[in-house]
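# Descriptive analysis of the structure
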Amino acid sequence: MTTNAQVQVLPDAAAVAQEAAQRFVALAQEAVARRGQFSAALAGGSTPKAMYQLLAQPPLREQVPWEHVLLFWSDERFVAPDDAESNFLLAREALLDHIPLPAANAFPVPTIGSSPEAAAMAYAETIAANTGETMVLDLVLLGMGPDGHTASLFPGHPALTILPSLDVIAVHHSPKPPPDRISFTLPLINRAANVLVLATGAEKAEAVRQCLRPAAGEAALPAGLVRPRPGTLTWLVDAAAGAAL
Ligand code: 6PG
C-alpha cells in the first residue's frame with residue numbers, strides 16, 4: 001500500500017534533528033496563533049534527543065510559545081521517571097530542564113504505583129482531558145528502530161492487526177528491553193494533525209524502504225502503518241537511512 005508521506009532526505013543525523021526542531025517550532029507557532037495551544041507527543045531515541053537539545057537552546061528555544069505547549073509521550077518504558085531508561089528523563093534532561101514550560105504542561109506516563117494496564121488507561125484519560133474527546137494531537141513525534149518498530153509497537157504485536165479500541169496500551173515482552181512499556185496505538189497516532197517520523201543510520205535503510213516503498217506482498221512494518229488521516233505525515237531521514245529508497 002502506498003503512503004501519503006512526504007519524505008525529506010537530509011545529509012546526516014544532525015540535519016535531521018535541525019529540520020525536525022524547526023518543524024516543531026513552526027507547528028507550535030501556527031497552532032498557538034490559531035487556537036492558543038499546541039499539543040505534542042515526544043518520543044525516545046537518539047535522533048529525537050538531538051532535536052530536543054536544539055529546542056532547548058537559542059535561537060529555537062525563544063521561538064516556541066512554551067507556556068501554551070502541552071507535552072505528552074508517544075511511548076514510555078515502564079520504569080520510574082528518574083530511571084536511566086525513562087523516555088521522560090531523556091526529554092527532561094535534554095529539553096524540559098532548559099525551557100520555560102509550566103510544570104503542569106508536561107504529562108509523563110504515570111509509571112509508578114500501578115500496573116502497565118492501569119497506567120495506559122489513565123494516560124488515555126489524561127490525553128482526552130487535555131486535548132478534547134477526539135484526542136487529536138497537533139504533533140506526534142516518532143522514532144523508528146531497525147526492525148521497523150515505532151513508539152513501542154513492535155512487529156508482530158497483536159495491536160497492529162486487531163484494531164484496538166484503546167488509544168494507549170500496555171506492551172509486555174518487548175523484544176527491545178525493557179520488556180514492559182506503554183504505547184500510543186495506531187488509531188491515536190493516526191488521528192494526529194501532524195506526524196513526524198525520524199530515522200537515521202544505515203541499519204534502518206531496509207526498514208525505511210519497506211515502510212515507504214513496500215514491495216508487493218511484503219508484510220507491513222509498524223512504522224509503515226503510520227498513516228494519519230486527514231493529518232500530514234512527514235519522514236525525515238538521513239542519507240544513510242534513505243539509501244534504499
Ligand atoms: C525505545 C526507543 C525506541 C527508539 C528507536 C529509535 O523505547 O526503545 O525509544 O523506540 O525510538 O529504537 O531509536 P534511535 O533514534 O536511538 O535509533
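Residues numbered from 1 in each chain as written. Predicted model: local features only at pLDDT ≥ 70, side-chain atom pairs only at ≥ 80, totals over all residues. Heavy atoms only, no water.

## Some thoughts on the packing of aromatic side chains
Inclusion rule: Each aromatic pair joins two rings of Phe, Tyr and Trp (for Trp, the six-membered one) with centres within 6.5 Å, and gets the label stacked for planes under 30 degrees apart, edge-to-face for over 60, and tilted for any other angle. Numbering of helices and strands runs from the N terminus; a helix is a DSSP stretch of H or I covering at least four residues, while a strand is a stretch of E covering at least two. Exposure classes here rest on a 1.4 Å probe applied to the protein chains alone. A residue is buried below 20% of its type maximum, exposed above 50%, and partly exposed in between.
Under the defined criterion, the tally for this structure stands at four aromatic pairs. Between Phe24 and Phe38 the ring centres are 5.2 Å apart and the planes differ by 90°, which places this aromatic pair in the edge-to-face class. Of the two residues, Phe24 sits in helix 1 (residues 13–35) while Phe38 sits in strand 2 (residues 38–42), which places them 14 residues apart along the sequence. Looking at Phe38, the relative accessible area reads 0%, which means it is buried. Judged by centre distance (5.3 Å) and plane angle (70°), the ring pair of Trp73 and Phe88 falls under edge-to-face. In this pair, Trp73 is assigned in strand 3 (residues 69–73) and Phe88 in helix 3 (residues 87–94), connecting sequence segments 15 residues apart. Taking relative accessible area as the criterion, Trp73 reaches 1% and is therefore assigned buried.

## Quick look at the pairing of strand 6 (residues 168–171)
The criterion, for reference: Whether two strands pair depends on DSSP finding at least two bridges between them.
Judged by which residues are buried, strand 6 turns out to be covered on both faces: Val168 and Ala170 on one side and Ile169 and Val171 on the other are all buried. Where strand 6 lies against strand 7 (residues 181–184), four bridges are found, and the strand directions are antiparallel. Looking across to strand 7, one finds that Ile169 is bridged to Ser183.

## Quick look at a nonpolar patch on the surface
Cut-off, in case you're wondering: A patch is a set of surface residues, each over 30% in relative accessible area and not in a salt bridge, joined within 9 Å for like charges and within 5 Å for the nonpolar side chains Val, Leu, Ile, Met, Phe, Trp and Tyr. Under the convention used here, a 1.4 Å probe and the Shrake-Rupley method define accessible areas, while residue burial counts only the protein chains that appear. A carboxyl oxygen of Asp or Glu within 4 Å of a side-chain nitrogen of Lys or Arg is what we treat as a salt bridge.
Among the surface-exposed residues, Val7, Val9 and Leu245 lie close enough to one another that they form a single nonpolar patch of about 200 Å² accessible area. Residue position: Val9 is located in strand 1 (residues 6–10). Owing to a relative accessible area of 47%, Val9 belongs among the partly exposed residues under this scheme.

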